[in-house]
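# Observations on the three-dimensional arrangement
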Amino acid sequence: MQKLSKLKDNVLFVNISSQGLVQLANYLIPLLLIPYVTRVLGLDSFGKASYAQNIGMYLTLLVNYGFEYSATQEISINRNDPAKLQSIFSTVVAFKFLLFLASLLFVAGLAVCVPRVWDDFSSVLIVAFLNLGWVLFPTWFFQGMEHMARMSLFSFGVKLGGALLVIALVHQPDDYPLYLLGLTMANIFVGCYSFYYVKKKYGVKLEKPQPFSTCPAVRKGLPIFLNAILINCNTVLGVFVIGVYMSNAEIGAFSGAQKIIMAVMMITCQTITIALFPRISNYFNESRQKGLAYLKKCVAIISLLSLSVSAVTYFMAPIVVAILLGGEFTEAVFLLQLLSPLPFLVSLATTLTVQGLYGMQLQRFAPAIGLAVCVCSVSLNWLLIPKIGAPGAAYSWLFCELVEISIAVGLLLWKKDAK
């Protein structure tokens, strides 16, 4: 009992546990919803919904900017300065709202250029408005304050509310826009409530934002944002290119495997890497040597955990697909097995890039890493998918993660003794 009490008082333990609940809410609840959705919508309509969600995922990267790390870092450093907290809060929210408006313009332009988007524009627009919830939901604030238990409750509310709305609204294949609408409504509602909660609980008020060019969270977030946009091109582009050359059914099979592997990664591995970021930032702020020593421990633990997860995912793929997706998704078994190394590769890449380079204040190299990954992704996806179909997207994703890891390791070795 005494050991349990000590664990409850350990901030890092509470943050990792809370972040686990966040990722559980973000991915496990939607994953548990998939058996209902895939069986009601069928492979074809599930493919249509997944194509719209794929675009929405990229828009979320635009709206969130690099604030999950840069604003978290600024809040963590200035958590005892109420005036600074209020200024950071106001500036970040204002900037995210402008990015949300830009995302709507991007969707309009995409609809004009891409026939598939124009044909189902209402679904894509519904998904785009989901990001209004991310404008209002200050996850970065909770993370910076290391009050992640509170954030986990709001995340759970978003996903549970969305799941209940989907079950209430979706009853046949043509209801796939309602599937997207239910998720969007829940995200906006909980975003509004969490925004109100932060204002009341922490006493922050909206004020005139700082000039964006002088705000540290915005400046530090720019290279992180560019890196995320470029690197996640690797995640999103596969489904987009499959949609150009293949059928909705093939989009559905790949998206089903992709949703499973992303849920596995986020629940088991990303939980720890995200929760560690405020702590390792403070270590690097004290000294580079202290930060690097802590980073080495993190790499060893995360690698061992994630490699085990990858092995289990490979061998369990037939059972997992049968239970979660159903018999119509047999092609997803092979795709999930192809993607099974990703928990190990992505966890290692994220730890080296986010914990290592960002912790060492080397964000300026992030766009270069992202550009290299993006060039590989664009080249491989457009080369492989027309020839071998959806497996081409899987091979591209795996290779691009290896590229990111190689560059990150090289930069860390190069800069570790720099003053």
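Residues numbered from 1 in each chain as written. Predicted model: local features only at pLDDT ≥ 70, side-chain atom pairs only at ≥ 80, totals over all residues. Heavy atoms only, no water.

## A closer look at the overall build of the chain
Note the following rule: The numbering of helices and of strands both runs from the N terminus, where a helix is a DSSP run of H or I of at least 4 residues and a strand a run of E of at least 2. Partly exposed residues are those whose accessible area sits between 20% and 50% of the maximum for their type, while under 20% is buried and over 50% is exposed, using a 1.4 Å probe and protein chains only. The contact criterion used throughout is that any non-hydrogen atoms of two residues lie within 4.5 Å. Working definition of accessibility: Shrake-Rupley area with a 1.4 Å probe, residue cover restricted to the visible protein chains.
A tally of helices and strands in the chain yields 18 helices and 0 strands. When the 419 residues of the chain are sorted by exposure, 58% land in the buried category. Here the contacts in the chain between residues at least 6 apart in sequence split such that 84% fall between residues at least 24 apart. Carbon and sulfur atoms make up 70% of the accessible area of the chain, which amounts to about 17,500 Å² in all.

## Quick notes on the nonpolar core
So the rule is basically this: By nonpolar core we mean a set of buried residues, namely Ala, Val, Leu, Ile, Met, Phe, Trp, Tyr and Cys, connected to one another through side-chain atoms within 4.5 Å.
Ranked by internal contacts, the top residues of the largest apolar core, which has 96 residues, are Y179 and F254. Here this core gets 15 residues from one element, more than from any other, and that element is helix α2 (residues 11-64). Discounting chain neighbours no more than four positions away, the residues touching Y179 are L33, V37, L41, A49, Q53, V166 and V170. If you look at the next biggest cluster of nonpolar residues, it comprises 33 residues, including V93, L99, W134 and V158.

## Examining the layout of surface pockets
As a reminder of what qualifies: Think of a 1 Å grid over just the protein atoms. A cavity is a set of points where a 1.4 Å probe fits yet cannot get out, a pocket is an open set with protein on both sides within 12 Å along at least five of seven lines, and lining residues have an atom within 4 Å of a point. Grid points are joined across faces, edges and corners, and a volume is the space filled by probe spheres set on the points. Each residue is assigned to one class: nonpolar for Ala, Val, Leu, Ile, Met, Phe, Trp, Tyr, Cys and Pro, charged for Asp, Glu, Lys and Arg, and polar for all the others, Gly among them.
Roughly 290 Å³ of internal volume is contained in the largest pocket. Residue lining of the largest pocket: 13 residues in total, with Y58, F106, L110, V236 and F240 positioned closest to the centre. For the lining of the largest pocket, the elements supplying multiple residues, two or more each, are α2, α4 (82-113) and α12 (233-245). Here the element with the most residues in the lining of the largest pocket is α2; it accounts for 5 residues. The residue makeup of the lining of the largest pocket, split by class, is 12 nonpolar, 1 polar and no charged.

## A few points about the packing of aromatic side chains
Stated precisely, the cut-off is as follows: Any two rings among Phe, Tyr and Trp, with Trp reduced to its six-membered ring, count as a pair given centres within 6.5 Å; such a pair is stacked if its planes are under 30 degrees apart, edge-to-face if over 60, and tilted if neither.
Evaluated as defined, the whole model comprises 20 aromatic pairs. Relative to Y202, the ring of F142 has its centre 6.4 Å away and its plane inclined at 70°; by these criteria the two rings are edge-to-face. Residue F142 is found in helix α8 (residues 139-145), and its partner Y202 is found in helix α10 (residues 176-202); the two are separated by 60 residues along the sequence. Residue F142 is classed as buried on the basis of its relative accessible area of 0%. When the ring of Y314 is compared with that of F315, the centres are 5.3 Å apart and the planes differ by 90°; the resulting orientation is edge-to-face.

## Comments concerning helix α11 (residues 216-231)
Note the threshold: Each helix should span, by expectation, one fewer than its residue count multiplied by 1.5 Å. Here the bend at each residue means the angle between axes fitted to two seven-residue stretches, the one ending at that residue and the one beginning there.
The terminal C-alpha atoms of α11 lie 23 Å apart, and with 16 residues this matches the ideal 22 Å at 1.5 Å per residue to within 8%. Its axis deflected by about 35° at L222, α11 carries its strongest bend there, up to four residues before the proline P223. Inspection of α11 places A217, V218, G221, P223, I224, F225, N227, A228, I229 and I231 among the buried residues, and these make up the whole buried set.

## Description of the side chain of S87
Turning to its location among the elements, S87 is positioned in helix α4. When its relative accessible area of 13% is taken as the criterion, S87 is described as buried. Not counting residues up to four positions away in its chain, the partners in contact with S87 are E207 and Q210.

## Observations regarding the pattern of salt bridges
Counted only if it meets this: We count a salt bridge whenever a side-chain nitrogen from Lys or Arg sits within 4 Å of a carboxyl oxygen from Asp or Glu.
Using the criterion set out here, one finds 2 salt bridges in the structure. As a salt-bridge pair, K48 and D44 come within 4.0 Å of each other at their nearest N and O atoms. Residue K48 and its partner D44 are located together in helix α2, separated by 4 residues, close to a single helical turn. Assessed through its relative accessible area of 28%, K48 is described here as partly exposed. On the basis of relative accessible area, D44 is assigned to the partly exposed category, the value being 38%.

## Some points on a nonpolar patch on the surface
Basically, it comes down to this: Every patch collects residues that have over 30% relative accessible area and no salt bridge, joining them within 9 Å if they carry like charges and within 5 Å if they are nonpolar side chains (Val, Leu, Ile, Met, Phe, Trp, Tyr).
Residues V244, Y245, V378 and W382 make up a contiguous nonpolar surface patch of about 350 Å² in total accessible area. Those elements that place two or more of their residues in the nonpolar patch are α12 and α17 (366-388). Its location among the elements puts W382 in helix α17. The partly exposed category is assigned to W382, whose relative accessible area is 35%.

## A few points about the confidence of the model for the chain
Put simply, the rule reads: The pLDDT score gives, residue by residue, the confidence of the prediction method on a 0 to 100 scale.
Mean pLDDT over the chain: 83, with 87% of residues reaching 70 or higher. Between the elements of the chain, mean pLDDT differs from a low of 46, seen in helix α1 (residues 2-9), to a high of 95, seen in helix α15 (residues 331-339). For the stretch residues 1-9, pLDDT sits under 50, and the model shows 3 contacts to residues farther than four places along the chain or on other chains.

## Examining the packing of α11 against α12
Rules: A fitted line through C-alpha atoms represents every axis, and for helices the fit uses only the stretch in contact; the resulting angles, taken between N-to-C directions, go from 0 to 180 degrees. Note on terminology: angles under 35 degrees are roughly parallel, angles over 145 are roughly antiparallel, angles of 65 to 115 are roughly perpendicular, and the others are oblique.
Here α11 crosses α12 at 30°, and the two axes come no closer than 5 Å. Our classification of the angle between α11 and α12 gives roughly parallel. On α12, the residues that touch A228, I229, L230 and I231 of α11 are C233, N234 and T235. The residue inventory of the contact of α11 with α12, partitioned by class, reads 5 nonpolar, 2 polar and no charged.

## A word on the packing of helix α3 (residues 70-77) against α11
Condition: If you view the pair so one helix is near and one far, a crossing is left-handed when the near helix is turned anticlockwise from the far one by less than a right angle, and right-handed when it is turned clockwise.
Interaxial distance between α3 and α11 falls to 8 Å at its minimum, and their mutual angle equals 145°. Between α3 and α11 lies a crossing whose hand is right-handed. Packed against α3, whose contacting residues are S70, A71, Q73 and E74, the element α11 presents P216, A217, K220, G221 and I224 at the interface. Its residues assigned to classes, the contact of α3 with α11 shows 4 nonpolar, 3 polar and 2 charged.

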